[in-house]
Amino acid sequence: MKQYYHLLTYGCQMNVADSETIAGILEEKGYSYTDELTTADLIFVITCAVRDNAEQKIYGKLGELVKLKESKPHMILGIGGCMTQQDEIAKRIYQRFPGMNIVFGTDNLHKLSQDLDIIIEESKRIMDVHEITGNIYDDLPKTHTERHRAFVNINFGCNNFCTYCIVPHVRGQERSRSIKSIKNEVARLAANGYKEVTLLGQNVNSFGSDSDNDTNFVKLLKNLIEIEEIKRIRFMTSHPKDMSLELIQLVRDEEKMCKHIHLPLQSGSSKILNKMNRKYDQDKYLNLARYIRKEIPQATITTDIIVGFPGETEADFLETLRVVDEIKFDAAYTFAYSKRPGTRAACYENQVSEDEKKSRLYKLIDRVNMYMEISNKSRLGQKISVMVDGTSKKDNEVLSGRSDDNKLVHFRGDYKVGDIIELEVYDYSPHVLWGK
Ligand code: SAH
Ligand code: SF4
Ligand code: F3S
């Protein structure tokens, strides 16, 4: 009898990429994907620990899954990812949810297939979370969710230890793949009809700095640009401390390089940036963003901002708004600081009250939305290059895609997924451009 799997993936593109590997492993074992939880024989939850609200949402979901399993006892439930890479949380979940067949971490996907055999053949429960080894498993199978664009990991882990951030604790030391292995993977994708790749790392700019060879991110990009069938290259995330002018020039000069740079600001106050251990100050950030605006005027700059980091005063917050006002980000992800056990900032004094965080967050969101709308409005009447991704979520008569500069675009017409078309923008809202 056919067996079905479903994956619930939370968090960032790292988890999306891990889920594609898990899907590949499961399909190799004979499972087929199902959209619905109720028809699944196996469900894995891939978790995120970056903020407390992410974790709370996941606990809610686990309760639901355990209920579902009561009516379907043969179902296999598993949980992995960044939350369960933390020992205490893994143990708590293992004890609190006896219906959970396997609890795993971020660094043992290569053992998943074997673990599943043990669960099925020996009816055992498994807790398989181990210390992050720093190994790279390049050769695991992958099932991509789309057929025209794919995520490709280029480096794993993170060495930066921003004081608010759990990621280095759950994803381990930074380690880069080799250019050769990445190029092979992208060439394989190209041969299978893929046209766009998004290169992923917590800090793509430091790609290669952990290897003995004379390698860096720009060299990698130059190698990938050579692959004829790949028409668009994106990357995420850039750390301002490591972003080179050479990279900006490459994005400016190469048609295949998408004109979008995600450059997390985190805070506009140099004092707070220092306490965050970001290793740049307001000036350095502004100079970098100004250079991008000057060299690639058509590029979008997007960012991540945290409000309410411990010790953030009203004056510090105003510095953040000052940077937002100058750079006029085309879009921004905004967060209220969330205390993460085990990180340095969790022990800092002068934690900001929840009310104050909320009030600053709302002010920031208003400001950011205003610039997002201005950015979209500025595209009116312009020609843009869009790759067709599928139908819009709300209306399947409408097609949806991303412009070269990463704006969401809606349009109508007779196009295929993966087509790259030219549209003229005739309308906009804060979040969508309409093209014809
Ligand atoms: N490596 C990337 C992304 C890290 S996580 C980077 O350095 O930008 C994504 C975003 O979550 C971060 O950029 C940060 O803005 C936010 N974030 C991380 N930890 C947080 C915390 N404890 N509280 C609130 N936001 C946080
Ligand atoms: Fe977290 Fe900083 Fe690393 Fe990004 S660079 S993952 S924010 S520690
Ligand atoms: Fe979350 Fe892990 Fe990504 S903590 S943001 S899923 S690296």
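Residues numbered from 1 in each chain as written. Chains lettered and ligands numbered in written order. Predicted model: local features only at pLDDT ≥ 70, side-chain atom pairs only at ≥ 80, totals over all residues. Heavy atoms only, no water.

(A) Spotlight on the sheet that holds strand β10 (residues 196-200). The sheet built from 3 strands is open, its strands ordered β7-β10-β11 with parallel pairing. The sheet terminates laterally at β7 (149-153) and β11 (232-236), the two strands that pair on one side only. Put simply, the sheet's adjacent strands are angled 20° from each other on average, direction ignored. Alignment of β10 against β11, held across 5 bridges, turns out to be parallel. Note on β11: the bridge partner recorded for V197 is I233. (Pairing = 2+ DSSP bridges. Helix = DSSP H or I, 4+ residues; strand = E, 2+ residues; numbered from the N terminus. Axes fitted to C-alpha atoms, helices over the stretch in contact; angles between N-to-C directions.)

(B) Broad picture of the pattern of salt bridges. With the rule as written, the count across this model stands at 32 salt bridges. Here R367 and D325 are joined by a salt bridge, their closest N and O atoms 2.7 Å apart. With a gap of 42 residues between them, R367 in helix α12 (residues 354-377) and D325 in helix α11 (residues 314-327) connect regions that are remote in the sequence. Three or more residues are tied together by salt bridges with common partners; here these are E312, E314, E356, R360 and K363. (Salt bridge = Lys/Arg side-chain N within 4 Å of Asp/Glu carboxyl O.)

(C) Structural detail: helix α6 (residues 179-191). For α6, built from 13 residues, the straight-helix expectation of 18 Å at 1.5 Å per residue is met to within 8% by its first-to-last C-alpha distance of 18 Å. Just beyond α6, the residue with positive phi is G193, at close to 100°. (Expected span 1.5 Å × (residues − 1).)

(D) Structural view of the site of ligand 1. Neighbouring residues of ligand 1: 15 residues in total, closest Y164, Q202, Q266, D304 and S338. The separation between a nitrogen atom of ligand 1 and a polar main-chain atom of Y164 is 3.0 Å. Between a nitrogen atom of ligand 1 and a side-chain N or O atom of Q202, the distance comes to 2.6 Å. When the free accessible area of ligand 1 is taken as 540 Å², the share hidden by the protein chains comes to 89%. Mapped onto the shell around ligand 1, the elements with two or more residues apiece are β13 (300-307) and β14 (331-336). (Near = heavy atom within 4 Å. Polar contact = N/O pair within 3.5 Å; in protein donor to acceptor, adjacent residues only side chain to side chain. Areas by Shrake-Rupley, 256 points an atom, 1.4 Å probe, with all protein chains shown as cover.)

(E) Region of the structure containing the site of ligand 3. Around ligand 3 sit G11, C12, N15, C48, A49, V50, C82, V167, R171 and Q202, and those are all the residues in its vicinity. Of the residues assigned to the shell around ligand 3, the class counts are 6 nonpolar, 3 polar and 1 charged. Here the shell around ligand 3 gathers at least three residues from each of two domains, domain 1 (3-128) and domain 2 (146-258). (Nonpolar A, V, L, I, M, F, W, Y, C, P; charged D, E, K, R; others polar. Domains from an automatic or database assignment.)

(F) Inspection of the sheet that holds strand β2 (residues 32-33) at higher detail. Taken together, the 6 strands give an open sheet; going across it, the order is β2-β1-β3-β4-β5-β6, and neighbouring strands pair in parallel fashion. Strand pairing shows two members of the sheet lacking a second neighbour, β2 and β6 (126-128), which therefore form its edges. Contacts from helix α3 (residues 87-96) reach β4 (76-81), β5 (102-104) and β6, with the element oriented near 175° to β6. (Contact = heavy atoms within 4.5 Å.)

(G) Up close: the environment of M127. With respect to the element layout, M127 can be found in strand β6. Beyond its immediate sequence surroundings of up to four residues, M127 is in contact with A90, K91, Y94 and V103.

(H) View of the domain arrangement of the chain. Each domain of the chain was delimited in the assignment, giving domain 1 (3-128), domain 2 (146-258), domain 3 (260-378) and domain 4 (383-435). Facing the 15 residues of domain 1 at the interface are 11 residues of domain 2. Applying the counting criterion to the domain 1 and domain 2 interface returns 1 salt bridge. Across the salt bridge formed by R171 and D18, the nearest N and O atoms sit 2.9 Å from each other. At the boundary of domain 1 and domain 2, one finds 3 residue pairs in polar contact (both at pLDDT 80 or more). A breakdown of the residues in the side of domain 1 that touches domain 2 according to their chemical character gives 7 nonpolar, 5 polar and 3 charged.

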